[in-house]
Every structure is written in structure tokens, then in C-alpha cells.
Amino acid sequence: MLSAQERAHVTQVWDLIAGHEAPFGAELLLRLFTVYPSTKTYFKHLGDPLDEVQLLSHGQRVLEAVGVAVRHMDNLRAALSPLADLHAHVLRVDPTNFPLLIQCFQVVLASHLQGEYTVEMQAVWDKFLTALAVVLTEKYR
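Parameters at a glance
- Residues numbered from 1 in each chain as written.
- Predicted model: local features only at pLDDT ≥ 70, side-chain atom pairs only at ≥ 80, totals over all residues.
- Heavy atoms only, no water.
- Helix = DSSP H or I, 4+ residues; strand = E, 2+ residues; numbered from the N terminus.
- Expected span 1.5 Å × (residues − 1).
- Buried < 20%, exposed > 50% of the residue type's maximum accessible area, 1.4 Å probe, protein only.
- Contact = heavy atoms within 4.5 Å.
- Salt bridge = Lys/Arg side-chain N within 4 Å of Asp/Glu carboxyl O.
- Phe/Tyr/Trp six-rings, centres within 6.5 Å; stacked < 30°, edge-to-face > 60°.

Draft legend 1. Molecular detail of helix α5 (residues 97–113). Compared with an ideal rise of 1.5 Å per residue, which puts 17 residues at 24 Å, α5 spans 24 Å between its outermost C-alpha atoms and is within 8% of the ideal. What α5 keeps buried is the set N97, F98, I102, C104, F105, Q106, V108, L109 and L113. In the core, the buried residues of α5 are packed alongside α1 (4–17), α2 (21–35), α3 (52–71), α4 (76–90) and α6 (119–137). Just past α5, the residue Q114 takes up positive phi, approximately 45°.

Below, the structure written as C-alpha cells:
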């Protein structure tokens, strides 16, 4: 899936955001809800208006899942199988929402990492996050 250099880019970016999962994840979700309001239907537990503590907590869970994927790039399917089951069978999230989440995550990364998030890194992260989304949607079949 990813070359050795691409894996290094994924890890390099993750090392820059590791430890900041909650604020990055909360910003990702806020951006998702703002740009794509229909996605908020899957997050009713966050409240209306949004509960900041719940938002930070769920944002952290989202980014922790990305961290699991980073650590298990060689076997995304096995590492993310429980999460794929949850989204497909319990939460029944429409799989068309994953590309929207990827897009918003890319914007969050670019806005925070700025010059450190090069065009090459953005392309690699797009490839990596798309592979992650593919694994999460496989259980829908």
C-alpha cells in the first residue's frame, strides 16, 4: 500500500500531532459539522449546542483510532476491524461521510502544521486516510 518513504511521511506527521489528539479531533469534528451539517446526525450524543467536553472526548477517540492505524499500517484490516464493525453494524454511518471527514482532517492538518505539511505529505496522508476509510467501509458489504 505505502512505500517506505510514504510510511515515514505518515509517521513524521503523526509525531507532530501525537499528544494533541483531543483538540485536533475536536477541531476536525467542528469543521465537519460546519461544512457538512448533515453529518451531525451521527453525533447527537454531543448535544445541541455542542458540549465541549463531549466534543473533546469524541475528537480524541477519532484521532486515537487514526493513531492505531498509523501504528498498524501493515495490517489496517485487522487493527481496525472492531471499529469497522461498529460503524457498519451498530452506528450505521453512511460510508459517503468518510471522504468528508478525510477532507476536513486534511484542512486541520494543513492549518496547524503549515510549512511542515508539504504537498508530498498531504498526498501521502490522503492515500493513507483513503486506505483507512476503505477498511472501515468493507464491513458494509
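Having seen it, we continue.
Draft legend 2. The arrangement of unusual backbone geometry in detail. Here the amide bond leading from D48 into P49 is cis, since omega sits at 5°, within 30 degrees of zero. You can see P49 is positioned in the loop between α2 and α3. Unlike most non-glycine residues, R92 shows phi in positive territory, near 50°. As for its placement among the helices and strands, R92 is situated in the loop between α4 and α5. With a phi close to 45°, Q114 is a non-glycine residue in the positive phi region. Of note, Q114 is situated in the loop between α5 and α6.

Draft legend 3. Here's a closer look at the pattern of salt bridges. Tallying each qualifying case throughout the model produces six salt bridges. Of the charged contacts in the structure, one is a salt bridge between E27 and R31, with a shortest N-O distance of 3.8 Å. With E27 and R31 both in helix α2 and four residues apart, this pair spans about one turn of that helix. Since its relative accessible area comes to 28%, R31 is described here as partly exposed.

Draft legend 4. Seen up close, the packing of aromatic side chains. One pass over the structure, following the stated rule, counts three aromatic pairs. Between F105 and W125 the ring centres are 5.9 Å apart and the planes differ by 80°, which places this aromatic pair in the edge-to-face class. Placement of the pair is F105 in helix α5 and W125 in helix α6, with a sequence separation of 20 residues. On the basis of relative accessible area, W125 is assigned to the buried category, the value being 0%.

Draft legend 5. Expanded view of the environment of L101. Tracing the backbone shows L101 in helix α5. Put simply, L101 and Y36 are 65 residues apart on the chain and 9.4 Å apart in space, counted from C-alpha to C-alpha. Leaving out residues up to four positions away in the same chain, L101 has contacts with L28 and L32.

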